[in-house]
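What follows is the residue order along each chain.
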Amino acid sequence: AVDAVVNAANVHLQHGGGVPAALVRAGGTSIQEESDRWVAEHGPLSPGVAAVTGAGRLPARFVIHVAGPVFGPGQDNAGLLDGAVHAALDAAAAAGCRTVALPAISAGIYGYPPAEAARVIAAACAAWALTHPGVLEEIRLVGYDPAGEAAFANGLPKD
C-alpha cells in the first residue's frame, strides 16, 4: 500500500500491456476511463509531464502516469528518463502523497537497457529526495523480478 503508484505509460495513456495493463486489471477500468478523459482534455502526454488519475481498487490513492523515452541513439535518453522520474515525484508531492512506488520506466518495450534504466531512475530519485527533504517519506523502487530488484539496488548511490 502506497499513496501513489507510478505507471510507465505511453503518450496516449492506453493501458494495453505491461505495467499499465496490470494496473488496470488490478485497479479496474476507472483508471483507463480517467486516463482517456485526461488525454481528451490535455492531449498526449509530453516528456517531463505527469498525468494523475485515481487508483480504482489499487491499494493507493493515485496513479501517476509518465511516459519515459523510447531508447534510441541521438537523444538524451538519460535526461529524458530523469525528467520523467522528476515529473512523477513532483506530481506525487503536489497531490499530497507521502509514499510512492515506482517501476523501471522505459525498461520494457521502450528498449532502455534495464540495468542502465535502473541506475538513472535510482539516481534521479536520490537527487530528488536530496533537493526535497522530508517531502516524501518513501520512494519504493519496484523491480519486475529479482534481476530488476538487483538492478535498482545496484543503481542506488553508494554514499
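The following refers to the structure shown. Because the structure is predicted, anything quoted here is derived from the model rather than measured.

Residues Thr99 and Ala101 point to one face of strand β4 (residues 99-102) and Val100 and Leu102 to the other, with burial holding for every one of them. Of the pairings in the sheet, the one linking strand β1 (residues 4-8) to β4 comprises two bridges and is parallel in character. Counted as the bridge partner of Ala4 is Val100 from β4. Sheet analysis places β4 next to strand β5 (residues 138-141), joined by four bridges and oriented parallel. Each bridged residue has a counterpart across the sheet, and for Thr99 the counterpart in β5 is Glu138.

A few words now on the environment of Ala95. Within the secondary structure layout, Ala95 lies in the loop between α3 (77-94) and β4. Taking C-alpha positions, Ala95 is 24 Å from Arg25, a pair spaced 70 residues apart along the chain. Excluding its chain neighbours within four sequence positions, the residues that come into contact with Ala95 are Arg61 and Phe62.

Helix length check: α3, at 18 residues, gives a terminal C-alpha distance of 26 Å against a target of 26 Å (1.5 Å per residue), a fit within 8%. Among all positions in α3, only Asn77, Leu81, Ala84, Val85, Ala87, Ala88, Leu89, Ala91 and Ala92 are buried. Buried residues along α3 sit in contact with β1, β2 (50-54), β3 (62-66), β4, α4 (114-131) and β5. Residue Gly96 follows α3 closely and has a positive phi angle near 85 degrees.

Examined against the element boundaries, Ser106 turns out to sit in the loop between β4 and α4. Polar contacts involving the side chain of Ser106 include one to the main-chain carbonyl oxygen of Pro69, which spans 2.8 Å. Residues contacting Ser106, with those up to four places away along its chain left out, are Gly68, Pro69, Leu81, Gly111 and Tyr112.

Relative to the elements of secondary structure, Pro47 occurs in the loop between α2 (30-42) and β2. For Pro47, a relative accessible area of 64% translates into the label exposed. Sequence-wise, Pro47 and Val19 are 28 residues apart; in three dimensions their C-alpha atoms are separated by 18 Å.

This part covers the side chain of Thr99. By the element assignment, Thr99 lies in strand β4. Other than its neighbours up to four places away in sequence, Thr99 contacts Val2, Asp3, Ala4 and Glu138.

All of the buried residues in helix α1 (residues 18-27) are Pro20, Ala21, Leu23, Val24 and Gly27. Seen along its axis, α1 keeps its buried residues to an arc of 160 degrees; they face one direction. Facing away from the buried side of α1 by over 90 degrees, the exposed positions are Gly18 and Arg25. Tucked into the core, α1 has its buried residues touching β1, α2 and β3. Looking one or two residues past α1, Gly28 carries a phi angle of roughly 105 degrees, positive in sign.

The rules behind the values
- Residues numbered from 1 in each chain as written.
- Predicted model: local features only at pLDDT ≥ 70, side-chain atom pairs only at ≥ 80, totals over all residues.
- Heavy atoms only, no water.
- Buried < 20%, exposed > 50% of the residue type's maximum accessible area, 1.4 Å probe, protein only.
- Helix = DSSP H or I, 4+ residues; strand = E, 2+ residues; numbered from the N terminus.
- Pairing = 2+ DSSP bridges.
- Contact = heavy atoms within 4.5 Å.
- Expected span 1.5 Å × (residues − 1).
- Polar contact = N/O pair within 3.5 Å; in protein donor to acceptor, adjacent residues only side chain to side chain.
- Arc of directions from axis to C-beta.

Structural measurements only, silent on function.
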